[in-house]
Amino acid sequence: SLSAGLDLPGRFLFATLTLMTLIAILVFIEEAVYIYRKIPSSKRSIIIWINAAAPVISTTSCIGMWVPRSTMFTDFTAGILFAIVIHKFLMMMIKECGGQKVLLRQFENGRFTISTGPCCCCCLCLPRVPITRQTLFWLKLGTFQFAVFRPVLVFLSIVLWTNGNYVLYNSSPKGPALWISCFISALTLFALWAVGIMFRKVRILLKCKNIIPKFALYQFIVILNQLQTTIINILAAQKIIPCAPPLSSTARGSYIAQQLLIMEMFLITVISRVVYRRKYHDLEPPECAAEEPGDKQQPP
């Protein structure tokens, strides 16, 4: 068994990481109760979903650490939640502006800057798009498509994996793993692009609602859960991370990624509790900031 193959430092590490996961879950439950009692119902579920990202990723990583054969399912579960949270974060920014109607009225003559990351940060020649109901629809569609298609692709991957056709670390163009991963990566970039466009527009307006640290936490979850894990898995697949019997290179890389995620998501959970703990009256539509420089300022 796994515990029988661990030495004393290994058991202490596993116990410590498991304790950190349990604390993260308790912190989230306490925060969810606070949000349910203090936050208006229109924003309650969105904020709970966003706060759930870090503790759920920590939990799935802990399960994958203790039960190595469940890694495929735990990674995909965290990926599905991650896709939903991206869409919820965009909707939270709209809700914090007072809703779609208030946002359109506030930025009546404003424009979205679409030359932003991660897709078009170098394309400075792109025109600025007027802020209309249609452009808001396309931004919401940009994140909603990821929340819909990623679970479908995850389900397809699991079906192929159970049939032996899907190998997680197989980069051969003849296998489905490479094509599914490329398609998911493209969907992810479009979803992150939509969130980046919206954040760039409302960051000054929502500065009094701590939108900048909230966005920073969201970015950390994106980088750590996606980029960090992908880099570690690539290094393990290329044998750059050496094997340590009885663990192969890929298994050891998976352990390293999971253990890092547990510690990182624990810190993000604790910090999120501080950032998102707002009083009821602090969540009313703000009038404490003007539009982004360059747009015509509208009266409140």
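- With an unreviewed UniProt entry as reference, the protein chain is termed OSTA protein, source organism Bombycilla garrulus.
- Regarding the protein chain, the relevant UniProt record gives this comment under Subcellular location (unreviewed entry): "Membrane".

**A few points about the overall build of the protein chain**
Phase 1: Helix and strand counts for the protein chain stand at 8 helices and 2 strands.
Phase 2: Listed by position from the N terminus, the elements making up the protein chain come as α-α-α-α-β-β-α-α-α-α.
Phase 3: For the protein chain, with 300 residues in total, the buried portion stands at 46%.
Phase 4: In the form shown here, the protein chain has an accessible surface area of approximately 15,500 Å², with 68% of it arising from carbon and sulfur atoms.

**Comments concerning the packing of helix α1 (residues 8–38) against helix α8 (residues 249–276)**
Phase 1: Close contact between α1 and α8 brings their axes to 10 Å; oriented N to C, the two are set at 30 degrees. Looking at the two axes, α1 sits roughly parallel to α8. The handedness of the crossing between α1 and α8 is left-handed. Residues Leu13, Phe14, Leu17, Met20, Thr21, Ile23, Ala24, Val27, Phe28, Glu30 and Glu31 of α1 form the contact with α8, whose own contacting residues are Tyr255, Gln259, Ile262, Met263, Phe266, Thr269, Arg273 and Tyr276.
Phase 2: Split by residue class, the contact of α1 with α8 holds 13 nonpolar, 3 polar and 3 charged.

**Regarding the packing of α1 against helix α2 (residues 41–66)**
Phase 1: As a packed pair, α1 and α2 sit with axes 10 Å apart at the nearest point and diverge in direction by 165 degrees. One finds that α1 runs roughly antiparallel with respect to α2. Judged by the sense of rotation from one axis to the other, the crossing of α1 with α2 is left-handed. Counted together, Phe14, Leu17, Thr18, Thr21, Ala24, Ile25, Phe28, Glu31, Ala32, Ile35 and Tyr36 of α1 and Arg44, Ile47, Ile48, Asn51, Ala52, Pro55, Ser58, Thr59, Cys62, Met65 and Trp66 of α2 form the full contact between these two elements.
Phase 2: Residues belonging to the contact of α1 with α2 are distributed by class as follows: 15 nonpolar, 5 polar and 2 charged.

**Topic: a nonpolar patch on the surface**
Phase 1: Residues Phe137, Trp138, Leu141, Phe144, Val148, Phe149 and Val152 make up a contiguous nonpolar surface patch of roughly 670 Å² in combined accessible area.
Phase 2: By the element assignment, Phe149 lies in helix α5 (residues 133–162).
Phase 3: A relative accessible area of 41% means that Phe149 is categorised as partly exposed.

Conventions adopted
- Per chain, residues are indexed from 1 in the order of the written sequence.
- In view of the model being predicted, local features appear only for residues whose pLDDT reaches at least 70, and side-chain atom pairs are presented and counted only at 80 or more, with totals across whole chains, interfaces and linings using the full set of residues.
- Side-chain measures were taken over the full set of non-hydrogen atoms in the model, leaving aside hydrogen atoms and water.
- UniProt positions are given in the numbering used here, feature names are shortened, and annotations may be inferred rather than shown by experiment.
- Going along the chain from the N terminus, every DSSP run of H or I of four or more residues is numbered as a helix, and every run of E of two or more is numbered as a strand.
- Each residue's exposure class comes from its accessible area (1.4 Å probe, protein chains only) as a fraction of the maximum for that residue type: buried when under 20%, exposed when over 50%, partly exposed otherwise.
- For every accessible area listed, the method is Shrake-Rupley and the probe measures 1.4 Å; residues are considered covered only by the protein chains on display.
- For helices, the axis comes from a line fit to the C-alpha atoms of the stretch in contact; other axes are also lines fit to C-alpha atoms, and the angle between any two N-to-C directions lies between 0 and 180 degrees.
- We call two directions roughly parallel when the angle between them is under 35 degrees, roughly antiparallel when it is over 145, roughly perpendicular when it lies between 65 and 115, and oblique otherwise.
- Each crossing is labelled by how the near helix is turned from the far one, with a counterclockwise turn of less than a right angle marking it left-handed and a clockwise turn marking it right-handed.
- Note on contacts: a residue pair qualifies if any of its non-hydrogen atoms lie within 4.5 Å across the two residues.
- When residue character is reported, Ala, Val, Leu, Ile, Met, Phe, Trp, Tyr, Cys and Pro are called nonpolar, Asp, Glu, Lys and Arg charged, and the others, Gly included, polar.
- Patch criteria: residues need more than 30% relative accessible area and no salt bridge. Like-charged residues are merged within 9 Å; nonpolar side chains of Val, Leu, Ile, Met, Phe, Trp and Tyr are merged within 5 Å.
- In the sections that follow, a salt bridge refers to a side-chain nitrogen of Lys or Arg positioned within 4 Å of a carboxyl oxygen of Asp or Glu.

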